[in-house]
Amino acid sequence: QLQARHWRPYQKNGYAVAVASVDWKKYPCASGCVRAYTPPGGGFILTPVEGNPSKSRMVNFMCADIKGWVPRSVLETTLGGALFNFYTKVVPAALDKYADMTEADARAYVDGLLLQRRPNLT
């Protein structure tokens, strides 16, 4: 399953993003991989921080079945910290690294991730 995302304007200069898992024949499940399932209801809201236009506030609505063999107690203990690390460290680093990427390069990069091979972006 892949995550489909739908963006809509939200309040003043913000965005609401709804997320749900979908099947897509172009990207079938790879052998030996487990994909999480996101029922309708997950997503996030991005709004600008008043008085600081270079910052945004993000509220994440986590709604997923991670699947696999990880005990639920382990997920509940670690997932919040992992998401916090992802949004505070990984995303900002990726935004800095790929800030000058064209839309075509970004699409090729995502396609490469989905097909488990990365295109050459140098």
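Scroll up a little and you will see the structure.
Summary of the structure given here. What you are looking at is a predicted structure, and each value in this text was computed from that prediction instead of being measured. (Residues numbered from 1 in each chain as written. Predicted model: local features only at pLDDT ≥ 70, side-chain atom pairs only at ≥ 80, totals over all residues. Heavy atoms only, no water.)

A few points about the overall build of the protein chain
Argument step 1. Looking only at helices and strands, the protein chain has two helices and four strands in total.
Argument step 2. Shown N-terminal to C-terminal, the secondary structure of the protein chain runs as helices and strands in the order β-β-β-β-α-α.
Argument step 3. A buried classification covers 12% of the 122 residues belonging to the protein chain.
Argument step 4. Looking at the protein chain alone, contacts between residues at least 24 apart form 38% of all its contacts between residues at least 6 apart.
Argument step 5. With an accessible surface of roughly 9800 Å², the protein chain has 57% of that area assigned to carbon and sulfur atoms. (Helix = DSSP H or I, 4+ residues; strand = E, 2+ residues; numbered from the N terminus. Buried < 20%, exposed > 50% of the residue type's maximum accessible area, 1.4 Å probe, protein only. Contact = heavy atoms within 4.5 Å. Areas by Shrake-Rupley, 256 points an atom, 1.4 Å probe, with all protein chains shown as cover.)

Quick notes on the packing of aromatic side chains
Geometry of an aromatic ring pair is reported as the spacing of the ring centres plus the angle between the planes.
Argument step 1. What the rule picks out here adds up to two aromatic pairs.
Argument step 2. Ring geometry for W7 against Y15: centres 6.0 Å apart, planes inclined by 80°, an arrangement best described as edge-to-face.
Argument step 3. Assessed through its relative accessible area of 47%, W7 is described here as partly exposed.
Argument step 4. Ring geometry for W7 and F44: centres 6.1 Å apart, planes at 90°, overall edge-to-face. (Phe/Tyr/Trp six-rings, centres within 6.5 Å; stacked < 30°, edge-to-face > 60°.)

Description of the layout of surface pockets
Argument step 1. Space inside the second largest pocket adds up to approximately 180 Å³.
Argument step 2. Looking at the lining of the second largest pocket residue by residue, the classes come out as six nonpolar, one polar and four charged. (1 Å grid on protein atoms, 1.4 Å probe; cavity = no way out; pocket = protein on both sides within 12 Å on 5 of 7 lines; lining within 4 Å. Points joined across faces, edges and corners; volume = space filled by probe spheres on them. Nonpolar A, V, L, I, M, F, W, Y, C, P; charged D, E, K, R; others polar.)

Quick notes on the sheet that holds strand β4 (residues 52-61)
Argument step 1. The sheet built from four strands is open, its strands ordered β1-β2-β3-β4 with antiparallel pairing. Looking at strand neighbours, the two that pair on one side only are β1 (2-10) and β4, the edges of this open sheet. Here the average twist between neighbouring strands, direction ignored, is 20°.
Argument step 2. By the bridge criterion, five bridges tie strand β2 (residues 14-22) to strand β3 (residues 42-49) in an arrangement that is antiparallel. Each bridged residue has a counterpart across the sheet, and for V17 the counterpart in β3 is F44. (Pairing = 2+ DSSP bridges. Axes fitted to C-alpha atoms, helices over the stretch in contact; angles between N-to-C directions.)

Note that all results are geometric; they support no functional claim without further evidence.
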